[in-house]
Amino acid sequence: MPHEGSLLQTAVIFLLAAVLAVPLAKRLQLGAVLGYLLAGVVIGPQALGLIRDTESVAHISELGVVLLLFIIGLELSPKRLWLMRKSVFGVGTAQVVLTGAVIGAIALFGFSQTLPAAIVLGLGLALSSTALGLQSLAESKQLNAPHGRLAFAILLFQDIAAIPLIALVPLLAASGPDTSQGDSLQHGLKVFASIAVVIIGGRYLLRPVFRTVARTGLPEVSTATALLVVIGTAWLMEEAGISMALGAFLAGLLLADSEYRHELESQIEPFKGLLLGLFFISVGMGANLRLLLEMPLVVLGLTLLLVAVKLLLLIGVGRLVGGLNSASALRLGMVLAAGGEFAFVVFKLGKDQGLFDTQTYDLLLMTITLSMAITPLLMLGCARALKRPQPAREVPEQYKQIQTDTPRVVIVGMGRMGQIVARILRAQKIPFIALETSVDTIEMTRMFEQVPVFYGDPLRPEVLHAAKVGEAEYFIITIDDPEAAIHTAARVKRLYPHLKVLARARNRQHVHKLADVGAEPIRETFYSSLEMTRRALVGLGLSDEQAADRIARFTQHDEEVLEAQGQVRDDRAKVMQTAKEARVELERLFDSDAD
């Protein structure tokens with residue numbers, strides 16, 4: 001048992017490693033997960049040797065995965081799980097079975113493993129890292145993208161499938177002297193009894209307990225109760241000889257529809273983040289770097305083989321079963337191509353049951369660790385590759401042929417603002433046409449809005465001539481690219497000086513630049529912000545007349561300040577001084593009005 005000094009020293013080392021490595025990795029756009037892995041390698045026994053008791057750290061760090069699965073369960077009510085059944089049980093089953101079969105066949109015929117060992121190897125390596133996958137998707141804000149939702153469903157099925165796989169390992173090693181059919185039956189009964197206890201207890205005991213705790217009004221007791229539920233359920237499952245994560249997931253699933261769900265999530269989230277970081281650090285610490293030095297080609301070859309096989313199969317499953325396009329299927333493959341944390345549990349059990357020797361076990365662990373380490377790099381490379389300019393979609397001829405009578409208004413850009421302008425003009429029976437450079441937007445707008453929108457670059461004089469801009473009264477620019485809006489306004493005012501140009505303005509600097517080229521700027525969020533403020537003032541006790549007066553005063557005052565800042569906009573110090581004086585003046589105006 002470590003004494004107090006060594007415990008504090010260990011905590012300091014972990015926190016210092018995380019604080020230094022993670023921001024550095026994020027700055028290099030490698031992601032937090034790779035930062036934690038590198039931190040673990042550096043402080044582990046294979047490098048600086050600052051932490052030597054990797055086993056104890058690994059046991060504690062597994063709570064990070066447990067808490068992650070609890071929160072997944074909280075966010076996934078049984079009703080939502082039923083709605084996701086096709087993705088979870090259809091695509092998930094296809095991925096695990098297909099990947100397990102292919103990797104198992106490679107292990108059986110390519111590496112001369114026994115059939116039981118090949119089955120465990122195939123199914124174990126078919127699993128991906130829930131912690132790594134969800135963390136990476138959350139960091140890149142892709143959880144709600146098509147590939148993110150499908151990755152979540154596959155990972156959820158893998159977490160469920162890990163449970164029977166862990167129970168299957170002793171059965172596959174049943175030829176050993178220590179295992180009998182009676183032991184297997186007893187183990188199976190213990191598993192079902194534990195799951196039944198969790199389900200019955202969660203259904204009938206947890207809500208009354210949380211209701212009682214909530215009445216105390218003490219947040220620390222509420223947090224302790226939440227941790228007790230998660231860790232207690234995980235301990236019960238571990239005692240039954242199955243995954244702690246399943247118990248936590250079941251507990252979360254049972255509380256997903258309860259009134260305490262959001263409070264539980266907010267209390268568990270900080271612990272989950274810290275312990276997940278510790279989990280990745282422990283994975284890095286457990287890496288056997290000696291193997292990488294002794295047989296680098298073997299380790300690297302196995303890692304690349306694992307990633308390549310899983311990547312190709314995931315792309316196929318994503319396209320054929322999941323219905324993703326090529327780019328989304330590639331992103332799905334990058335997220336899930338690595339090995340997973342449950343494989344560590346499965347292979348350790350396999351080694352203890354005599355299915356693998358120590359060197360095979362170490363090679364498997366090193367392969368999974370390296371695959372997890374290169375996943376953030378693969379995702380970064382994939383994101384950059386998919387960001388490259390894609391070949392422009394061919395424009396149908398009917399979109400290029402601008403057909404119009406004399407329009408009174410020409411709109412450039414059919415995004416959200418352009419569509420609103422077009423609807424009102426059409427309802428008012430004012431003739432107009434719209435120009436757009438996105439074929440997808442033209443198709444969607446023609447289908448849903450049924451407005452005369454054509455393909456054309458407003459910077460080209462021949463397009464403006466074909467659209468009969470010279471005969472229009474207003475030219476309205478609603479595109480969201482500030483530079484393109486300025487160039488378009490300048491070109492139109494130069495060719496057609498008589499035309500009134502209204503242009504969407506991003507910010508105050510954009511207002512000044514548009515005014516310089518002769519356009520009338522309309523600030524894109526100004527009026528909606530005023531209306532939000534007016535409603536808030538009324539809700540806070542002002543009468544409708546008082547709120548409207550405050551808004552009118554502010555609008556007039558802000559227009560005057562904007563004009564004043566336009567005179568000195570190249571001098572940053574004077575602009576800041578003008579803003580400061582404006583704040584004081586506005587307060588004085590409101591105070592005098594209140595008096």
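Think of each chain on its own: its residues are numbered from 1, step by step along the sequence as written. Where totals are concerned, whole chains, interfaces and linings use all residues; where local detail is concerned, this predicted model gives features only for residues with pLDDT of at least 70, and gives and counts side-chain atom pairs only at 80 or more. Hydrogens and waters are ignored; side-chain quantities use all the structure's heavy atoms.

Chemist: For this particular structure, what's the right way to read the confidence of the model for the chain?
Modeler: Note that predicted coordinates carrying low pLDDT should not be read in detail. In the predicted model, the chain carries a mean pLDDT of 81, and the fraction of residues at 70 or more is 90%. Within a predicted model, pLDDT stands for the predictor's per-residue confidence, ranging from 0 to 100. Here a helix means four or more residues in a row that DSSP labels H or I, a strand means two or more in a row labelled E, and each is numbered from the N terminus. Mean pLDDT values for the elements of the chain range from 68 in helix H19 (residues 397–400) up to 95 in strand S4 (residues 474–477). Any two residues whose heavy atoms approach within 4.5 Å are treated as being in contact. Contacts of residues 1–5 to residues separated by more than four positions or lying in other chains number zero contacts, the stretch itself having pLDDT below 50. Counted against residues more than four places away or in other chains, residues 175–180, with its pLDDT under 50, gives six contacts.

Chemist: Any chance you could explain the environment of Glu531 here in plain terms?
Modeler: By the secondary structure assignment, Glu531 is in helix H25 (residues 526–539). A simple rule labels every residue: compare its accessible area, found with a 1.4 Å probe on the protein chains alone, to the largest value its type can have, and call it buried under 20%, exposed over 50%, or partly exposed in between. For Glu531, a relative accessible area of 30% translates into the label partly exposed.

Chemist: Sorry, what's going on with the pattern of salt bridges here?
Modeler: Close approach of charged atoms lets side chains of opposite charge pair. A side-chain nitrogen of Lys or Arg and a carboxyl oxygen of Asp or Glu constitute a salt bridge if their distance falls within 4 Å. Scanning the model with the defined rule gives twelve salt bridges in all. When the shortest N-O distance is used, the salt bridge between Glu473 and Arg408 registers 2.8 Å. With Glu473 in the loop between helix H22 (461–466) and S4 and Arg408 in the loop between H19 and strand S1 (409–412), the pair connects residues that are 65 residues apart, well separated along the chain. Residue Glu473 is classed as partly exposed on the basis of its relative accessible area, which comes to 38%. Judged by relative accessible area, Arg408 falls into the partly exposed class, the value being 40%. For the salt bridge of Asp549 with Arg550, the shortest nitrogen-to-oxygen distance reads 3.9 Å. Put simply, Arg508, Arg523, Asp558 and Glu559 are held in one network by salt bridges that share partners.

Chemist: Just checking my understanding: could you explain the packing of helix H23 (residues 482–495) against helix H24 (residues 508–516) for this structure?
Modeler: How two helices sit against one another is set out by the angle between their axes and by the gap between those axes. Between H23 and H24, the least distance of the axes is 9 Å, while the angle of their chain directions is 15 degrees. Classified by the angle their axes make, H23 and H24 are roughly parallel. Handedness of the crossing formed by H23 with H24: right-handed. Residues Pro482, Glu483, Ala485, Ile486 and Ala489 of H23 form the contact with H24, whose own contacting residues are His510, Lys513 and Leu514. We call Asp, Glu, Lys and Arg charged. Ala, Val, Leu, Ile, Met, Phe, Trp, Tyr, Cys and Pro are nonpolar, and the rest, Gly among them, are polar. By residue class, the composition of the contact of H23 with H24 is five nonpolar, one polar and two charged. Angles shown run from 0 to 180 degrees and are taken between the N-to-C directions of axes, each axis being a line fitted to C-alpha atoms and, for helices, limited to the stretch in contact. What sets the label is the angle itself: under 35 degrees gives roughly parallel, over 145 gives roughly antiparallel, 65 to 115 gives roughly perpendicular, and the rest give oblique. Left-handed describes a crossing in which the near helix is turned anticlockwise from the far one by less than a right angle; the clockwise case is right-handed.

Chemist: Would you explain the sheet that holds strand S6 (residues 520–523) in this entry?
Modeler: Strands pair in a sheet through their backbones, by hydrogen bonds, and they do so in one of two ways: parallel or antiparallel. Two strands pair under a simple rule: DSSP has to find at least two bridges between them. With parallel pairing, the six strands of this open sheet are ordered in space as S3-S2-S1-S4-S5-S6. Sheet topology places strand S3 (453–455) and S6 at the edges, where each strand pairs with a single neighbour. Between one strand axis and the next, the sheet turns by 25 degrees as a mean value, whatever way the strands run. Where S1 and S4 come together, four bridges link them in parallel fashion. Pairing of Val409 across the sheet is with Tyr474, part of S4. Sitting on the sheet, helix H20 (residues 416–427) touches S1, strand S2 (432–436), S4 and strand S5 (500–505), and the angle it makes with S1 is about 160 degrees.

Chemist: What exactly am I supposed to notice about unusual backbone geometry here?
Modeler: Most peptide bonds take the trans configuration, and most residues that are not glycine carry a negative phi. A positive phi angle is found at Lys429, which is not glycine, with a value near 60 degrees. Residue placement: Lys429 occurs in the loop between H20 and S2. Taking the relative accessible area as the measure of exposure, Lys429 reaches 73% and is therefore exposed. Positioned with a positive phi, Lys468 is a non-glycine residue whose angle comes to about 55 degrees. Note on Lys468: relative accessible area 30%, which makes it partly exposed.

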